[in-house]
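For reference, the chains in residue letters:
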Amino acid sequence: MTAPRSRRAKPNAAKSGAAKSSAAKTSPAGEPRSSATPPPFNPARALSVRVLVSVLAGESYAASALDQALTRANLPGRDAGLCTHLVYGTLRYAPLLEAALAPLLRGETPLKARALLLTGAFEKLVLGTPLHAVVNEYVNLAKTGFGPPALVNAVLRRVEIPASLPPEDTLPVWLAEQYRAAYGERAAAVLKDLLEPQPLWLRLTPAGRESLLAEGSELGAAYGDVVRVQLDRPLRGTDAFEQGWAQPINPASFACVRALGDVDGARVLDLAGGAGIKAAMLAASGARVLSVDRATNKHHAARENLERLGLEAQFFSADLTKVPALPPADFVLLDAPCTGSGTLRSHPEIKLRLTPDVVQEAAALQAQMLETAAVLTAPGGLLVYSVCSVTQAEGPEVVQQFLNANPEFQPEALPDLLVEAVSSGPGVLTVPLEGVDGFFIARLRRQVAE
Ligand SMILES: C[S@@+](CC[C@H](N)C(=O)[O-])C[C@H]1O[C@@H](n2cnc3c(N)ncnc32)[C@H](O)[C@@H]1O
């Protein structure tokens, strides 16, 4: 194995979306402290370990737990960046770190101590934080109730990455195999890349670009108007966001919208529309969008976001395992609920929770919803099916089974998606390198009956 490269933490306050500039003193839990005595460790580390405890317990997702914790703790921007880096990095490397810690631990390690040891091991083995600093910080943290300080001291001094572990040891074997089946000889590069921090992508109007540059943000690679951005402040504090000139979206997610082709002036059904990110991008392309989801609360979020962007869409609540009473449309997008296995850079906890059974359950739901989407596609119309998953069951297999049972639908070549994609049965899989997510996308045409 190539041992993970030693890297320094690159605090990225912008990514947390919650970093503030106040330098309020905080307790280990990140709560305001009454005493002026600073804790004998960085509060960012305490907060990271607490967030990891709740994520590893399966109680929350990293993004929401971190966002809430950072908002409450009000850490200085630099510390908020460190906290974000520690949470995501520890989760990305967790299987490898567990393997490194296992020979040094006997019996079941209580969750709090496990979270602390994983974070300390991540700092030592991946970030290359000096050993004396790692031991000092995490032993002091352990003394506040995270675990036996003597054990933490001994384990963090001795832990080493086993010499022969390949990067895919940060994925369960069955999931690494799914990646290999999807990407063949590119799989090794993809698995390695999934360990990198997730960059921020924004769909920007020309005014948004100018405004971000003027504020001091850096713009990088771009797929059309979806641009990789290094912000100089939290996103919500930028003028571009406030003015509705910027929308966070991964280039692969935007590719699902591109797969429909030209929708200017067309009526489009956005099925499983959720919080309306794709609905917004469709509306920005001139479509008249009806977004359908069973979660009414997501419609509220979607409406607010569209208003910010100066765009409009209609909303309808329905369980799409049954056919709702809606007229068919010429353009239908089904962005189906899925396991999210193509988004491991931004949701690394998924790989710790996902099982083959969960994949099969997702595929069964997707198959039902695809049948509904077919009924809602007018003869001659286009149906795009997408999932942010790279498993065979949720992508090519669901669509191939659907095509076998519905010969009036034919797969069509996709238009230029701008992102790199490999062919996968009746569709394509975007290649999750350099911050792009892995999406399966298929474009199906309903034939006109003779
Ligand atoms: C991948 S998310 C959609 C993301 C959305 N298209 C976007 O771009 O913002 C899948 C959505 O499917 C919805 N969903 C899950 N089961 C459903 C069902 N039986 N009927 C309708 N919607 C469902 C969830 O509420 C969730 O919003």
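This one's a predicted model, so the numbers in the text were calculated from it and none came from an experiment.

The rules behind these values
Residues numbered from 1 in each chain as written. Predicted model: local features only at pLDDT ≥ 70, side-chain atom pairs only at ≥ 80, totals over all residues. Heavy atoms only, no water. Helix = DSSP H or I, 4+ residues; strand = E, 2+ residues; numbered from the N terminus. Buried < 20%, exposed > 50% of the residue type's maximum accessible area, 1.4 Å probe, protein only. Contact = heavy atoms within 4.5 Å. Axes fitted to C-alpha atoms, helices over the stretch in contact; angles between N-to-C directions. Left-handed = near helix turned anticlockwise from the far one by under 90°. Nonpolar A, V, L, I, M, F, W, Y, C, P; charged D, E, K, R; others polar. Pairing = 2+ DSSP bridges. UniProt positions renumbered as here; feature names shortened; annotations may be inferred. Near = heavy atom within 4 Å. Polar contact = N/O pair within 3.5 Å; in protein donor to acceptor, adjacent residues only side chain to side chain. Areas by Shrake-Rupley, 256 points an atom, 1.4 Å probe, with all protein chains shown as cover. Domains from an automatic or database assignment. Buried area = accessible area lost by both parts, 1.4 Å probe. Salt bridge = Lys/Arg side-chain N within 4 Å of Asp/Glu carboxyl O. Phe/Tyr/Trp six-rings, centres within 6.5 Å; stacked < 30°, edge-to-face > 60°. Lys NZ or Arg CZ within 6 Å of the ring centre and 35° of its normal.

Moving on to the side chain of Thr90. Relative to the helices and strands, Thr90 is located in helix α4 (residues 77–101). Assessed through its relative accessible area of 2%, Thr90 is described here as buried. In this structure Thr90 touches Leu52, His85, Leu97, Leu118, Thr119 and Phe122, once residues within four positions along its chain are discounted.

Bringing the packing of helix α2 (residues 43–56) against helix α3 (residues 62–73) into the picture now. Between α2 and α3, whose axes approach to 10 Å, the crossing angle comes to 145°. Between α2 and α3 lies a crossing of right-handed hand. The segment α2 lies against α3, with Leu47, Val51, Ser54 and Val55 engaging Ala62, Ala65, Leu66, Ala69, Leu70 and Ala73. The class makeup of the residues in the contact of α2 with α3 is nine nonpolar, one polar and no charged.

Here the focus is the sheet that holds strand β3 (residues 226–230). Pairing in this open sheet of four strands is antiparallel, and the strands run β2-β3-β1-β4 from one edge to the other. At either end of the open sheet lies a strand with only one pairing partner, and these are β2 (218–223) and β4 (246–248). Sheet twist, expressed as the average angle between the axes of neighbouring strands with direction ignored, equals 40°. Sheet strands touched by helix α10 (residues 206–215): β1 (200–204), β2 and β3. Its angle to β1, the strand with the most contacts, is close to 130°.

Counting through the fold element by element, Asn305 comes out in helix α14 (residues 296–309). What makes Asn305 buried here is its relative accessible area of 13%. With residues up to four places along the chain from it excluded, the contact list for Asn305 reads Gln247 and Ile277.

Here we come to the UniProt feature "active site" (unreviewed entry) in the protein chain. The positions UniProt marks with the feature "active site" (unreviewed entry) are Cys388. Within the secondary structure, Cys388 sits in the loop between β9 (377–387) and α17 (393–405). The exposure class of Cys388 is buried, given its relative accessible area of 18%. Contacts of Cys388, omitting those with residues within four sequence positions, involve Cys338, Gly340, Ser341, Gly342, Thr343, Gly438 and Phe439.

Another aspect to go through is the site of the ligand. Every one of the 19 residues lining the ligand counts as a neighbour, but Asp293, Lys298, Asp319, Leu320 and Asp335 are closest to it. A distance of 3.1 Å is found between an oxygen atom of the ligand and a backbone nitrogen or oxygen belonging to Ile277. Here Asp293 contributes a side-chain N or O atom positioned 2.7 Å from an oxygen atom of the ligand. Alone, the ligand offers 600 Å² of accessible surface; in the complex the protein occludes 87% of this. Here the shell around the ligand is composed, by residue class, of nine nonpolar, four polar and six charged.

Moving on, we get to the pairing of β1. The buried fraction of β1 amounts to five of the five residues, a majority that puts the element mostly inside the structure. Residues Leu200, Leu202 and Leu204 point to one face of β1 and Trp201 and Arg203 to the other, with burial holding for every one of them. Relative to β3, β1 runs antiparallel, the two being bridged by four bridges. Bridging across to β3, Leu202 finds its partner in Val227. Bridge count between β1 and β4: three bridges; the pairing is antiparallel.

This brings us to the domain arrangement of the protein chain. We note that the domain assignment places domain 1 (13–165) and domain 2 (249–446) within the protein chain. Put simply, the middle of domain 1 and the middle of domain 2, counted by C-alpha atoms, are 36 Å apart. Contact between domain 1 and domain 2 buries roughly 800 Å² in total, counting both sides, with carbon and sulfur atoms accounting for 59%. When residues of domain 1 are sorted by the area they lose upon contact with domain 2, Tyr61, Leu91 and Arg92 head the list and together hold 54% of the total. Counting across the domain 1 and domain 2 interface gives zero salt bridges. Here domain 1 and domain 2 share five residue pairs in polar contact (both at pLDDT 80 or more) between them. When residues of the side of domain 1 that touches domain 2 are traced back to their parent elements, those giving at least two are α2, α3 and α4. It is α4 that contributes the most residues to the side of domain 1 that touches domain 2, five residues altogether. Of the residues that constitute the side of domain 1 that touches domain 2, the class distribution is nine nonpolar, two polar and one charged.

For the structure on display, the rule yields five aromatic pairs. Here Tyr93 and Phe122 contribute two aromatic rings whose centre-to-centre distance is 5.9 Å and whose plane-to-plane angle is 40°, an arrangement assigned as tilted. With Tyr93 in helix α4 and Phe122 in helix α5 (residues 111–127), this residue pair connects regions lying 29 residues apart in the sequence. Looking at Arg308, its charged tip hangs above the ring of Phe241, at a distance of 3.7 Å from the centre. Residue placement shows Arg353 over the ring face of Tyr61; its charged tip is 4.8 Å from the ring centre.

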